[in-house]
Amino acid sequence: MALVKRKGITISRQLMDEQRMFPEATGALTALMADLVVAGKIISAEVNMAGLADILGQSGRTNIQGEEVQKLDVFANKTFKRRMEQCGHICVMASEEEEDPVPALPGYEGNYTIAFDPLDGSSNVDVNVSVGTIFSIHRRLSPPGGPGTEADLLQPGSRQVVAGYIVYGSSTMIVYTSGSGVHGFTLDPSVGEFFLSHPNIQIPELARYYSVNEAYWPYWNDNIRDFVDYLRGSDKGHVPCSARYIGSLVSDFHRNLVKGGIYMYPRDTRSADKTAGKLRLLYEAAPLAMIVEQAGGSAVTDDGRRILDIVPERLHQRVPLIIGSKQDVAVALRFLKGERP
Ligand code: P6P
């Protein structure tokens with residue numbers, strides 16, 4: 001059945017249509033996503049109020065990443081945790097803001113896990129730059145019933161059942177995939193509903209933009225430096241890209257997904273904890289990698305591994321990330337091998 005030909009369909013209708021594609025589906029994943037959408041609406045309302053409420057600014061705490069926790073971070077994390085722990089379909093969850101796995105409420109355990117970054121890029125909130133939530137859903141591996149385990153969370157991205165993000169920008173959008181293409185839904189705040197606005201997103205094969213923090217140039221290896229130079233147009237045969245980097249992964253990724261682009265956060269020698277890059281595998285790189293591959297793009301590490309193949313060893317494991325338009329990621333891989341066009 002044509003899933004996304006009709007206009008004005010809501011995210012709940014899309015989820016129901018996708019559920020009906022699988023006769024064995026019980027509706028648990030649809031119900032889980034419905035609760036996730038409610039969390040997104042609640043966070044969206046708060047983010048859009050941040051300029052008015054006293055929620056701006058730091059909470060005076062630091063998270064396990066050693067980063068200053070913004071009050072909105074705390075709110076977004078609490079909101080997501082609260083919705084997910086009692087939705088009845090999650091057995092265990094991982095959050096960027098939580099050092100250890102978070103179990104579902106006793107008696108509410110289900111057969112899925114979720115890993116999420118509740119408010120990525122939150123340091124941008126005070127300057128009114130878009131921020132986002134990233135989420136990744138897997139089936140539990142442990143026997144049904146009772147709390148899930150850390151092993152349920154440490155699965156490769158290739159086993160995700162749903163991956164997505166919510167971007168709180170000029171409008172609030174949910175972009176997700178359950179393996180049947182990538183679809184974007186925009187919140188109509190007047191009715192409080194997400195409507196299909198970007199059916200079947202396909203990332204252009206060629207990048208128009210490149211997104212990387214060039215302040216780290218001195219700390220990159222020569223292959224990365226030469227590739228960034230190539231993106232800038234040093235090779236006369238290559239149309240130069242425009243640089244766009246706003247320090248908010250979800251926003252940089254979303255622009256590149258829709259317009260064509262490549263985002264990079266390679267490892268650097270600036271500090272010990274950057275030897276594997278900055279971004280986390282479980283709830284940043286892996287979900288965005290599933291989305292970009294479903295949209296026709298690619299996602300690899302700076303030593304050429306496919307992100308979706310990596311088996312996580314630790315909850316907050318970092319991974320270098322090169323993600324975006326297929327042709328430019330392919331050229332990046334050649335540079336990383338020391339080849340030059
Ligand atoms: P840098 C935000 O903290 C984040 O995780 C991503 O959203 C963003 O792309 C990146 O870090 C920015 O990091 O080192 O360039 O400031």
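Naming follows an unreviewed UniProt entry, where the protein chain appears as Fructose-1,6-bisphosphatase class 1 of Desulfobulbus oralis. Looking at the Catalytic activity (unreviewed entry) heading of the UniProt record, one finds this comment for the protein chain: "beta-D-fructose 1,6-bisphosphate + H2O = beta-D-fructose 6-phosphate + phosphate". Under the UniProt heading Sequence similarities (unreviewed entry), the note attached to the protein chain is "Belongs to the FBPase class 1 family."

Draft legend 1. Region of the structure containing the pattern of salt bridges. Scanning the model with the defined rule gives 19 salt bridges in all. Put simply, Asp302 and Arg267 hold a salt bridge, and the shortest N to O gap is 2.6 Å. Separated by 35 residues along the polypeptide, Asp302 in the loop between β14 (298–300) and β15 (321–324) and Arg267 in the loop between β13 (261–265) and α7 (281–294) bring together distant segments of the chain. Glu284 serves as the salt-bridge partner of Arg280, at 3.5 Å between the closest nitrogen and oxygen. Considered together, Arg280 and Glu284 belong to a single accessibility category, that of buried residues.

Draft legend 2. Representation of the site of the ligand within the structure. Close contacts around the ligand come from 13 residues, with Asp120, Tyr216, Tyr245, Leu249 and Tyr265 the closest. Residue Leu249 places a main-chain N or O atom 2.7 Å away from an oxygen atom belonging to the ligand. In isolation the ligand offers 400 Å² of accessible surface; the protein chains occlude 85% of this area. The residue makeup of the shell around the ligand, split by class, is 6 nonpolar, 4 polar and 3 charged.

Draft legend 3. Spatial organisation of helix α5 (residues 222–231). Those residues of α5 that sit buried are Ile224, Phe227, Val228, Tyr230 and Leu231. Along the long axis of α5, the arc covered by the buried residues comes to 155°, so they all point the same way. Phi turns positive, to about 105°, at Gly233, one or two residues after α5.

Draft legend 4. How the structure looks around the nonpolar core. In this structure, Tyr165, Phe227, Leu257, Ile262 and Ile307 are the most contacted members of the largest nonpolar core, which totals 52 residues. Among the elements that make up this core, the one with the highest residue count is α7 (8 residues). Two domains share this core, each providing at least three of its residues, namely domain 1 (11–198) and domain 2 (209–336). Sequence-distant contacts of Phe227, defined by excluding residues within four places in its chain, comprise Ile262, Met264, Asp328, Val331, Ala332 and Phe335.

Draft legend 5. Representation of the pairing of strand β5 (residues 112–120) in the model. By the criterion of burial, β5 is predominantly enclosed, with 9 of the 9 residues buried. Sheet analysis places strand β3 (residues 90–95) next to β5, joined by 5 bridges and oriented parallel. Across the sheet, Ile90 pairs through a bridge with Tyr112, a residue of β5. Note that β5 and strand β6 (residues 131–139) share 7 bridges and pair antiparallel. Bridged to Tyr112 within β6 is Arg139.

Draft legend 6. Here's a closer look at the confidence of the model for the protein chain. The predicted model of the protein chain averages 91 in pLDDT, with 94% of residues at 70 or higher. With a pTM of 0.93, the predicted complex shows an ipTM of 0.94.

Draft legend 7. Main features of the sheet that holds strand β9 (residues 182–188). Taken in spatial order, the 8 strands make up an open sheet running β4-β3-β5-β6-β7-β8-β9-β10, and their pairing is mixed. With one partner strand each, in any of the chains shown, β4 (102–103) and β10 (193–198) form the two edges of the open sheet. Summarising the sheet, strand β7 (residues 162–168) and strand β8 (residues 172–177) pair through 6 bridges and their orientation is antiparallel. If you follow Tyr165 over to β8, its bridge partner there is Val175. Across the sheet, helix α1 (residues 11–19) touches β8, β9 and β10, and the angle it forms with β8 is around 5°.

Draft legend 8. Layout of the packing of helix α2 (residues 28–49) against helix α3 (residues 71–85). Running from amino to carboxyl end, α2 crosses α3 at an angle of 160°, the nearest separation of the two axes being 9 Å. Between α2 and α3, the angle falls in the class roughly antiparallel. Every pair of crossing elements has a handedness; the one defined by α2 and α3 is right-handed. Where α2 abuts α3, its residues Leu32, Asp35, Leu36, Val38, Ala39, Ile42, Ile43, Glu46 and Val47 lie against Leu72, Phe75, Ala76, Thr79, Phe80, Arg83 and Met84. Broken down by class, the residue content of the contact of α2 with α3 amounts to 12 nonpolar, 1 polar and 3 charged.

Draft legend 9. Examining unusual backbone geometry more closely. The residue Asn128 is not glycine, and still its phi comes out positive at about 65°. On the basis of relative accessible area, Asn128 is assigned to the exposed category, the value being 73%. Even without a glycine there, the phi angle at Asn200 is positive, about 50°. Structurally, the position occupied by Asn200 is in the loop between β10 and β11 (209–211). Residue classification places Asn200 among the partly exposed residues on the basis of a relative accessible area of 40%.

Cut-offs used in this document
- Residues numbered from 1 in each chain as written.
- Predicted model: local features only at pLDDT ≥ 70, side-chain atom pairs only at ≥ 80, totals over all residues.
- Heavy atoms only, no water.
- UniProt positions renumbered as here; feature names shortened; annotations may be inferred.
- Salt bridge = Lys/Arg side-chain N within 4 Å of Asp/Glu carboxyl O.
- Helix = DSSP H or I, 4+ residues; strand = E, 2+ residues; numbered from the N terminus.
- Buried < 20%, exposed > 50% of the residue type's maximum accessible area, 1.4 Å probe, protein only.
- Near = heavy atom within 4 Å.
- Polar contact = N/O pair within 3.5 Å; in protein donor to acceptor, adjacent residues only side chain to side chain.
- Areas by Shrake-Rupley, 256 points an atom, 1.4 Å probe, with all protein chains shown as cover.
- Nonpolar A, V, L, I, M, F, W, Y, C, P; charged D, E, K, R; others polar.
- Arc of directions from axis to C-beta.
- Core = buried A, V, L, I, M, F, W, Y, C linked by side-chain atoms within 4.5 Å.
- Domains from an automatic or database assignment.
- Contact = heavy atoms within 4.5 Å.
- Pairing = 2+ DSSP bridges.
- pLDDT = per-residue confidence, 0-100.
- Axes fitted to C-alpha atoms, helices over the stretch in contact; angles between N-to-C directions.
- Parallel < 35°, antiparallel > 145°, perpendicular 65-115°, else oblique.
- Left-handed = near helix turned anticlockwise from the far one by under 90°.

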